[in-house]
Amino acid sequence: MGMSGNDIMEISALFKKMGYTIGEVTDQYDEEMAGAARQFQRDRGLRADGIAGPDTYRELQKYLLGYATHRIRRGDNLYRIAKRFRTPVERILAANPDISPLRLQTGGRIIIPYAFDVVDTNVNYTYEVLQRDIEGLAARYPFLETGVAGRSVLNRKLNYIRLGRGKNRVLYNAAHHALEWITSPVLMKFIEDFSKAYAFGGTIGGFDPRDIWQESSIYIIPMVNPDGVDLVLNGLSPENPYFDELIEWNNGSDDFSTGWQANIHGVDLNHNYDAAWEESAAAARELDITGPAPRRYPGPYPESEPETLALVRTTRRGDFRLTLAYHAQGQVIFWNFMDLADEEAKRIGEILARDSGYKLEEAVGVASTGGYKDWFIQDFRRPGYTVEVGEGENPLPISQFDEIYAHNVRLLAHAALL
């Protein structure tokens, strides 16, 4: 009782989607949360003390992942298993494409997805939540390809997920900037909704995912700056190897929750690409930014950071027709860089603007150089876009998620076909 934090927010959101009475999702472990925990414990034969201790938390992990594993017993059939776990048979079949429904092998293990979705859009989207969601989605939808595009300064994974097997290859990424972590669940929710529609029939943003699957390959890197996101959402750990430097770079403050956009080196990743990098560095110097800082510092040289380098290498290998880089905020799509984008890029940008209801504009000033979209347009002369979601001051509250996603789901599906 009385504790607070992101872990509690995740449990609160889980209890809500499991149907326990908690009211609004909260990051406070209050009496309502304890009551839901006691009911959860009673339902699973645990000691009903209302405390999320080791045994309870271990049981919660299955539900946070969104699936359980089940060893097939003599006499089991899919209907009985589905009834026991309160989940549709179709979800079990999708997660286990190699089983024979009428000939279950006693002693074999199968994946049992729960009836609710994996990606929770009511929580602060930390790196740990991302890793769990990728594991949960890969278990439910084994047709997904997952991998690692590179590593951050602190050796965190820069995960990628691939949707589709078509020749038209596109790349979407999010969370170059630490405060803009809300863009990561936008892409993760799209992956889940696309996968669900592909597996069970349906549409995504008005498009048939099976058509997209055949025609295109969508590569998604949902969190480019995991170290920065962790710093913003979880705070500065005493174990961080840059502990003293980070406080110095943050103007003597140990609060990184409202002003930190950079990676753990104090480099603004979206100014670290080799696209008018010198101009970006000059603009930073005019703002008296000459070294590591919460934002705007473009690094000691282009592609100095492992995160930036990972995106560059992935892009060069991928031969992508189009890229989307997700940022916050402004409800605008930036499409050009130094007049290098052609009329085809503008035409596609106008379609994406109509899909989303966002404005199509060209970036100016300090924000117009050194970005991923800029580098992609410069080096490949292909359509690249920065999509700025939401309105307000970063970090945008998770309460904006539903509106942001509604604006972007059709854009994300359509961009793979243009």
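Owing to the predicted nature of the structure, the values given are computational and were not obtained by experimental measurement.

*Asks:* Teacher, can you tell me more about helix 12 (residues 306–318) here?
*Replies:* In a regular helix each residue adds 1.5 Å, so 13 residues correspond to 18 Å; helix 12 covers 18 Å between its end C-alpha atoms and thus fits that length. Among all positions of helix 12, only Glu307, Thr308, Ala310, Leu311, Val312, Thr314, Thr315 and Gly318 are buried. Buried residues along helix 12 sit against strand 3 (145–151), strand 4 (157–163), strand 5 (168–174), strand 6 (216–221), helix 9 (226–234) and helix 14 (372–380). Taken from the residues just after helix 12, aspartate 319 is the one with a positive phi, measuring 50°.

*Asks:* So what exactly am I meant to see when it comes to the packing of helix 3 (residues 54–65) against helix 6 (residues 127–140) here?
*Replies:* Taken N-terminus to C-terminus, the directions of helix 3 and helix 6 make an angle of 65°; their axes are 8 Å apart at the nearest point. Relative to helix 6, the element helix 3 lies roughly perpendicular. Between helix 3 and helix 6, the residues in contact are Gln61, Leu64 and Leu65 and Arg132, Glu135 and Gly136, respectively. Considering only residue class, the contact of helix 3 with helix 6 consists of two nonpolar, two polar and two charged.

*Asks:* Honestly, empty space enclosed by the protein in this entry has me stumped. Any pointers?
*Replies:* Gaps left between atoms show up when a probe the size of a water molecule is rolled over them. The tally for this structure, following the rule as stated, stands at two cavities of 30 Å³ or more. There is about 90 Å³ of room inside the largest cavity. Taken together, Glu10, Ala13, Leu14, Lys17, Tyr63, Leu64, Val118, Asp120, Val123, Val129, Arg132 and Asp133 make up the full set of residues lining the largest cavity. Among the elements of the structure, helix 1 (6–18), helix 3 and helix 6 are those that each provide at least two residues to the lining of the largest cavity.

Cut-off values and rules
- Residues numbered from 1 in each chain as written.
- Predicted model: local features only at pLDDT ≥ 70, side-chain atom pairs only at ≥ 80, totals over all residues.
- Heavy atoms only, no water.
- Helix = DSSP H or I, 4+ residues; strand = E, 2+ residues; numbered from the N terminus.
- Expected span 1.5 Å × (residues − 1).
- Buried < 20%, exposed > 50% of the residue type's maximum accessible area, 1.4 Å probe, protein only.
- Contact = heavy atoms within 4.5 Å.
- Axes fitted to C-alpha atoms, helices over the stretch in contact; angles between N-to-C directions.
- Parallel < 35°, antiparallel > 145°, perpendicular 65-115°, else oblique.
- Nonpolar A, V, L, I, M, F, W, Y, C, P; charged D, E, K, R; others polar.
- 1 Å grid on protein atoms, 1.4 Å probe; cavity = no way out; pocket = protein on both sides within 12 Å on 5 of 7 lines; lining within 4 Å.
- Points joined across faces, edges and corners; volume = space filled by probe spheres on them.

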